[in-house]
Amino acid sequence: MKISNSVTWIGKIYWELRKFHGEQLSTYKGSSYNSYLVKDDKIAVIDTVWTPFAEEFIENLKKEVDFEKIDYIIVTHAEPDHSGALPILVENAKNAKIICSANGAKSIKGYYHKDWDFQIVKTGDKLSLGSKELIFIEAPMLHWPDTMMCFLSEENILFSSDIFGQHFASYDLFDYQIEENDILYYEALKYFANIIAPFAKKTIKKIEELTALNLPIDIIATAHGIIWRKDISKIIEKYKEWSSAYKENQITIIYDTMYDSTRKMAETIAEGIKAFNSNSIVKIYNSARSDNSDIITEVFRSKAVLIGSPTYNNGILNSTAAILEEIKGLSLEGKKAAAFGSYGWSPANIKIISEFLKESGFEVYGDTAKVQWNPTQEDKAKLFEFGQKFAEFVGK
Ligand code: FEO
């Protein structure tokens, strides 16, 4: 599929992908591994596809180009979802040099145990393809140390690697062809929340650096999902917002429960929050029955979260521990939180959750909500009041 005069999309659309990063991240809309063939006087392949599709990739590429004529293989990011077909491509494209960052060479060697013909590039380096050139921009830790982007002059295409990507399968490659535009931006947000968020500070700096370069970008060709062409400023603005202690007017309550006590607590606290601030969006998730990647997306957009679990074996329930562990890894900024939960004889749950939230960088509300056994009417009145006070602490 052509995306400009000299660039052809040669990736793989994987409609049935439902989990990414092993079993970690949900991808209900499938995804794509975007790879690009650039034909000028010189010929370059930018990235490949995930390992299971390596043979298919080579078979398709054979129809587009004589392998002997490939001069460069650009690796913007060595994660195997993009470098999986590299070994077989190198085997076929015998005259090609591999262009990557210094960290890219380390990651590629680490994965494939080969000392190929690497040409290391850094920010500002240019590679002439004849009438056009590729300009490289390193983007370390977005989201691996090796990540880089490259800009194709004349056709003004930024190949952005994982940055600005979404897990979204579509035969229509461009944003303007997608009617479900809200879903597209939701998937971009989910991608950011789950993958890019830990590196938000580096992201905002990189976007500022990119803007200062004044490159006349017309197309952002991502490594996953659709290519931005209609609205490149919109996705760039979204990334700026998401990278800057992002929060919406939302409070998210996440709980797990054994005999419904902690569920009742969650719902009563929610009623208190809504009574104090009816404009605030309040969402409740049972972490054992909801998808973790979806919950993380909701946490990312929230100004505050409440996490609840009953005490279980002097600890907390599995699903609560799992979501807390994920939240901690995100290094979120500017959010408030509180712990709640029921217990039988030891309120260890509250201490564990509160500590986790503090370690995760949340401003934790001084008060907590705990109930022994099953909430009474009196307990519920206190929980309602707790919800109101927490909403006041969070602010309107
Ligand atoms: Fe899509 Fe970080 O690989």
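Quantities reported herein were computed from a predicted structural model and do not represent experimental measurements.

**With respect to the sheet that holds strand β10 (residues 118-120)**
Phase 1 of the analysis: Spatially, β1-β6-β7-β8-β9-β10 is the arrangement adopted by the six strands of the open sheet, whose pairing is mixed. The open sheet is flanked by β1 (7-9) and β10, the only strands paired with a single partner. Each strand of the sheet is rotated relative to its neighbour by a mean of 25°, with strand direction disregarded.
Phase 2 of the analysis: Here β1 pairs with strand β6 (residues 36-39) via three bridges, running antiparallel. Within β6, the residue paired with Val-7 across the bridge is Val-38.

**Some points on the domain arrangement of the protein chain**
Phase 1 of the analysis: Here the protein chain is partitioned into domain 1 (7-242) and domain 2 (251-390).
Phase 2 of the analysis: Domain 1 and domain 2 are separated by 38 Å when their C-alpha centres are compared.
Phase 3 of the analysis: Domain 1 puts 15 residues into the contact, and the matching count from domain 2 is twelve residues.
Phase 4 of the analysis: Carbon and sulfur atoms make up 50% of the area that domain 1 and domain 2 hide from each other, which totals about 1,100 Å².
Phase 5 of the analysis: Three residues, Tyr-186, Ala-193 and Asn-194, lead the burial of domain 1 against domain 2; their summed loss comes to 34% of the area buried on that side.
Phase 6 of the analysis: Our count for the contact surface shared by domain 1 and domain 2 stands at three salt bridges.
Phase 7 of the analysis: The closest approach of N and O atoms between Glu-333 and Lys-201, which form a salt bridge, is 3.1 Å.
Phase 8 of the analysis: Between the two partners, domain 1 and domain 2, sit eight residue pairs in polar contact (both at pLDDT 80 or more).
Phase 9 of the analysis: Of all the elements in the fold, those that place two or more residues in the side of domain 1 that touches domain 2 are β4 (25-26) and α5 (181-196).
Phase 10 of the analysis: With six residues, α5 is the single largest residue contributor to the side of domain 1 that touches domain 2.

**Considerations on the packing of aromatic side chains**
Phase 1 of the analysis: The full count for this structure, using the stated rule, is 24 aromatic pairs.
Phase 2 of the analysis: The interplanar angle of 45° and the centroid separation of 6.0 Å between the aromatic rings of Tyr-33 and Trp-50 together place this pair among those described as tilted. Note that Tyr-33 is positioned in strand β5 (residues 31-33) and Trp-50 in the loop between β7 (43-46) and α1 (54-62), a separation of 17 residues in sequence.
Phase 3 of the analysis: By relative accessible area, Tyr-33 is classed as buried at 1%.
Phase 4 of the analysis: Between Tyr-239 and Trp-242, the ring centres sit 5.7 Å apart and the planes meet at 50°, which makes this aromatic pair tilted. Taken together, the residues span about one helical turn, with Tyr-239 and Trp-242 both in helix α7 (residues 232-242) at a distance of three residues.
Phase 5 of the analysis: Note on Trp-242: relative accessible area 4%, which makes it buried.
Phase 6 of the analysis: By way of ring pairs, the aromatic residues Phe-164, Phe-192, Tyr-239, Trp-242, Tyr-246 and Phe-300 are connected into one cluster.
Phase 7 of the analysis: Geometry around Phe-300 places Lys-335 over its ring, the cationic atom sitting 5.7 Å from the centre.
Phase 8 of the analysis: We note Lys-396 situated over the ring of Phe-276; from NZ or CZ to the ring centre the distance is 5.0 Å.

**A look at the nonpolar core**
Within soluble globular proteins, side chains that are nonpolar tend to cluster in buried spots.
Phase 1 of the analysis: Core analysis: the biggest nonpolar cluster contains 91 residues, and Leu-61, Ile-70, Leu-89, Ile-108, Trp-228 and Tyr-239 have the highest contact counts within it.
Phase 2 of the analysis: Residue-level mapping places this core at the junction of two domains, with at least three residues from each of domain 1 (7-242) and domain 2 (251-390).

**Topic: helix α11 (residues 348-359)**
Phase 1 of the analysis: For α11, built from twelve residues, the straight-helix expectation of 16 Å at 1.5 Å per residue is met to within 8% by its first-to-last C-alpha distance of 17 Å.
Phase 2 of the analysis: Turning to α11, its buried residues number three or more, namely Ala-348, Asn-349, Ile-350, Ile-353, Ser-354, Phe-356 and Leu-357.
Phase 3 of the analysis: Buried residues in α11 make contact with β18 (304-308), α10 (318-329), β19 (336-343), β20 (363-364) and β21 (369-372).

Cut-off values and rules
- Residues numbered from 1 in each chain as written.
- Predicted model: local features only at pLDDT ≥ 70, side-chain atom pairs only at ≥ 80, totals over all residues.
- Heavy atoms only, no water.
- Pairing = 2+ DSSP bridges.
- Helix = DSSP H or I, 4+ residues; strand = E, 2+ residues; numbered from the N terminus.
- Axes fitted to C-alpha atoms, helices over the stretch in contact; angles between N-to-C directions.
- Domains from an automatic or database assignment.
- Contact = heavy atoms within 4.5 Å.
- Buried area = accessible area lost by both parts, 1.4 Å probe.
- Salt bridge = Lys/Arg side-chain N within 4 Å of Asp/Glu carboxyl O.
- Polar contact = N/O pair within 3.5 Å; in protein donor to acceptor, adjacent residues only side chain to side chain.
- Phe/Tyr/Trp six-rings, centres within 6.5 Å; stacked < 30°, edge-to-face > 60°.
- Buried < 20%, exposed > 50% of the residue type's maximum accessible area, 1.4 Å probe, protein only.
- Lys NZ or Arg CZ within 6 Å of the ring centre and 35° of its normal.
- Core = buried A, V, L, I, M, F, W, Y, C linked by side-chain atoms within 4.5 Å.
- Expected span 1.5 Å × (residues − 1).

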